[in-house]
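Fold and contact review
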Amino acid sequence: MWPRFRKHLVSIGLGQAINLVQQLLLPAAFLRGYGVDDYGAWLVVLAAGGQLGNLDLGLQTFTANRLTMLHEAGKVSEFRRTQSIALRLTLALCGGALALLLCVPALPIERWLRVGWAAGETRAAVALLGAWVILRILQGQLSVVLRATGSPQRAQHWDNFQRVLLLVSTLALINIH
């Protein structure tokens, strides 16, 4: 038990360190690269795209708790059935959301958000950020299974890897701009 606990503790600590680095580097890089007004507009656009994260509706939390109970009880067939149902629900929700994102280019999002960006830039940013949030919800299903089956550190390492990749790519794109 202790080695597994230690591995999980290290992976969570690493995640917190990555979070701290993100909080220190990204605002400074955005402010230097874009200025106060465009950084503020970016935060508004980021929040608009991030609203799609509400589609999860607590499904991952419920699924993680239920799958953990079933795994610990050794109920493999019910575990698989519950996992399958949760995955199908998630795919349906995310598929519907991705379909709705196809409407974004036709909507006056830049007016609704009151950002001073060009219409195409604002709409593309909201659509891409929304798609990223939806893909993260889908990725969450993998994390749920890893956590429920006794490998939470693997789920955390996967999340850490994605966050580092996002940090590095964001910093690179800011410097290109």
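Residues numbered from 1 in each chain as written. Predicted model: local features only at pLDDT ≥ 70, side-chain atom pairs only at ≥ 80, totals over all residues. Heavy atoms only, no water.

Take the overall build of the protein next. Across its full length, the protein holds 6 helices and 0 strands. Scanning the protein from its N terminus toward the C terminus, one meets helices and strands in the order α-α-α-α-α-α. Seen along its three principal axes, the alpha-carbon backbone of the protein occupies a region of about 55 × 35 × 20 Å. Looking at the 177 residues of the protein, the share that counts as buried comes to 34%. Just so you have it, the protein exposes about 11000 Å², and 67% of that area is on carbon and sulfur atoms. One way to put it: in the protein the 16 positive side-chain charges average out to a point 12 Å from where the 8 negative ones average out. (Helix = DSSP H or I, 4+ residues; strand = E, 2+ residues; numbered from the N terminus. Buried < 20%, exposed > 50% of the residue type's maximum accessible area, 1.4 Å probe, protein only. Areas by Shrake-Rupley, 256 points an atom, 1.4 Å probe, with all protein chains shown as cover. Lys, Arg positive; Asp, Glu negative; His and termini not counted. Charge placed at Lys NZ, Arg CZ, Asp CG, Glu CD.)

This part is about the side chain of Q22. Examined against the element boundaries, Q22 turns out to sit in helix α1 (residues 2-50). A relative accessible area of 13% places Q22 in the buried class. When near neighbours in sequence (up to four residues on either side) are disregarded, Q22 contacts P27, R163 and L167. (Contact = heavy atoms within 4.5 Å.)

Here we come to the nonpolar core. Membership of the largest hydrophobic core comes to 16 residues, with the highest contact counts inside it found for V45, L101, V104, V115, W117 and I134. Of all elements in the fold, only α1, α3 (76-101) and α5 (119-148) reach the threshold of two or more residues within this core. The element best represented in this core is α5, accounting for 7 residues. Once residues within four sequence positions are removed from consideration, V115 is found in contact with A41, V44, V45, E110 and T122. Core analysis: the next-biggest nonpolar cluster, separate from the first, contains 7 residues, A64, L70, F79 and V144 among them. (Core = buried A, V, L, I, M, F, W, Y, C linked by side-chain atoms within 4.5 Å.)

Residues spaced three or four apart along an α-helix point in a common direction, a consequence of the helix completing one turn every 3.6 residues. Between its terminal C-alpha atoms helix α2 (residues 59-73) stretches 21 Å, which fits the 21 Å expected from 15 residues at 1.5 Å a residue. By the burial criterion, the buried members of α2 are L59, Q60, T63, A64, L67 and L70. End-on, the buried residues of α2 take up no more than an arc of 140 degrees, which puts them together on one face. Turned more than 90 degrees away from the buried face of α2 sit T61, F62, E72 and A73, all of them exposed. Residues of α2 that are buried make contact with α3 and α5. Looking one or two residues beyond α2, the residue adopting positive phi is G74, at roughly 75 degrees. (Expected span 1.5 Å × (residues − 1). Arc of directions from axis to C-beta.)

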